[in-house]
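# Coordinate inspection notes
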Amino acid sequence: MASLNRQIILDRLPQGPLTADVFRLAESQMPAPGEGEVLLRTLYVSIDAAARAWMLGPTYRAALNAGDLMAGVALAEVIESRAPGLKKGDLVFAETGWQEYAAVPAKGLTVLPRVEPLSHLVSVYGVPGLTAYFGLLKCGLPKSGETVAISAAAGAVGIFVGQIARLKGCRTVGIAGGPEKCGLLTRELGFDAAVDYKAAGNDARAIHAALHAQAPDGVDIYFDNTGGPVMDACLFSMRPFGRIVCCGAVSNYDGRPPYRAMGVPGMIVTRRLTLKGFIVSDFNDERAAAIDELWGWVEAGKIAVREDVVEGFENLPDALIGLLAGENVGKRMVKVA
Ligand SMILES: NC(=O)c1ccc[n+]([C@@H]2O[C@H](COP(=O)([O-])OP(=O)(O)OC[C@H]3O[C@@H](n4cnc5c(N)ncnc54)[C@H](OP(=O)(O)O)[C@@H]3O)[C@@H](O)[C@H]2O)c1
């Protein structure tokens, strides 16, 4: 085992779009687990758009400050345990931060099965798969024959929302940036149609026109991963009694000036729309059953998994910067060991 632990520190808070120079590589002594703790070796760090939002202020977790170890969750292996219920070799998903080794409290950690490939524990059986599952099924309440629009559709969550919606008999329209992603959605991931918001200049009216061409009768469920102009465009396409699932607002995360929404509250009234925000952990009690169902769909070939694995600990900052710029298709993660 190494005696030093490489870490990535958020040296200062970014003032605009994220750049690599706000991070600093550091080396510390190997942490030692205290009573009730485990020592973890980080395997795959999940790269999450929300990590940029943590630098803006408190969200569903505390804000990051200059000088903090960069926060993040990872699939990790127990290499030493001082806690009952966990032993060397066990796999867990934990808040390790961006470091090669972490000593963390064992309380709340769950031993994960050794599936093949392990990366699926970070994608389809991890936060993205569960977010898509609960967001669509518990908040969107899809019915066969309905039309579902999804933003950031080629991202980690979006690819699963579209595929699950299709399994439920819905027509799906994915909204993504660029012709390659849009082509992939319809050719390989079973979406019925795709809208390229970048080709529409990221302008709400132009995106709405493109969406209307693909869904002329309107949208019953909009799964919102982005907020911003895409959200406005979809709001104007909503059918009466439509549901908007508010999952995330990636368009606001990376230090851009705040977007002035056009969305007309009156429309929410007259069309009797429901807007429902959620955090995936709201559904922790139903997690095991959801993973069983996702497992069945993957094994039966009903859901395709796409992952974007970046190799190397030192590439963590660039992996996050690239994700915010839309480099990824499916779940981006960094393989550290
Ligand atoms: N509620 C929850 O519990 C929960 C859990 C997990 C994630 N989330 C949220 O869900 C959303 C999707 O997460 P994810 O992990 O699927 O995303 P992801 O894989 O991290 O991808 C983010 C994608 O967002 C798109 N994007 C970036 N800037 C954009 C902009 N200004 N306008 C429109 N699209 C933009 C990019 O794709 P393009 O190339 O298409 O632009 C990028 O690939 C995020 O907002 C995240 O915070 C919520």
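Residues numbered from 1 in each chain as written. Predicted model: local features only at pLDDT ≥ 70, side-chain atom pairs only at ≥ 80, totals over all residues. Heavy atoms only, no water.

Turning our attention to helix H3 (residues 158-167). For H3, a buried count of eight out of ten residues is recorded, marking the element as mostly surrounded by other parts of the structure. Those residues of H3 lying buried are Gly158, Ile159, Phe160, Val161, Gly162, Gln163, Ile164 and Ala165. Buried-residue contacts for H3 involve helix H2 (127-140), strand E7 (147-151), strand E8 (171-176), strand E10 (219-224) and helix H8 (287-299). Gly169 lies just past H3 and shows a positive phi near 85 degrees. (Buried < 20%, exposed > 50% of the residue type's maximum accessible area, 1.4 Å probe, protein only. Helix = DSSP H or I, 4+ residues; strand = E, 2+ residues; numbered from the N terminus. Contact = heavy atoms within 4.5 Å.)

Once that is clear, we can look at the pairing of strand E9 (residues 193-196). As paired strands, E8 and E9 are joined by four bridges and run parallel to one another. What sits directly across from Gly174, in E9, is Ala194. (Pairing = 2+ DSSP bridges.)

The subject of this paragraph is the environment of Ala154. Along the chain, Ala154 turns up in the loop between E7 and H3. When the C-alpha positions of Ala154 and Leu185 are compared, they lie 6.7 Å apart, and in sequence the two are 31 residues distant.

Neighbouring residues of the ligand: 28 residues in total, closest Val157, Lys181, Tyr197, Val280 and Asn328. A distance of 2.7 Å separates an oxygen atom of the ligand from a polar backbone atom of Val157. Between the ligand and Tyr197 there is a distance of 2.4 Å, counted from an oxygen atom to a side-chain nitrogen or oxygen. Listed by contribution, the elements that provide at least two residues to the shell around the ligand are H2 and helix H9 (316-324). Here the residues of the shell around the ligand are counted per class, giving 17 nonpolar, ten polar and one charged. (Near = heavy atom within 4 Å. Polar contact = N/O pair within 3.5 Å; in protein donor to acceptor, adjacent residues only side chain to side chain. Nonpolar A, V, L, I, M, F, W, Y, C, P; charged D, E, K, R; others polar.)

In this section: the pattern of salt bridges. According to the stated counting rule, one finds 18 salt bridges in the structure shown. Two residues, Arg41 and Glu77, come together in a salt bridge whose shortest N-O distance is 3.0 Å. Of this pair, Arg41 sits in strand E3 (residues 37-46) while Glu77 is found in strand E4 (residues 73-81), placing the two residues 36 residues apart along the sequence. Assessed through its relative accessible area of 28%, Arg41 is described here as partly exposed. The exposure class of Glu77 is buried, given its relative accessible area of 16%. (Salt bridge = Lys/Arg side-chain N within 4 Å of Asp/Glu carboxyl O.)

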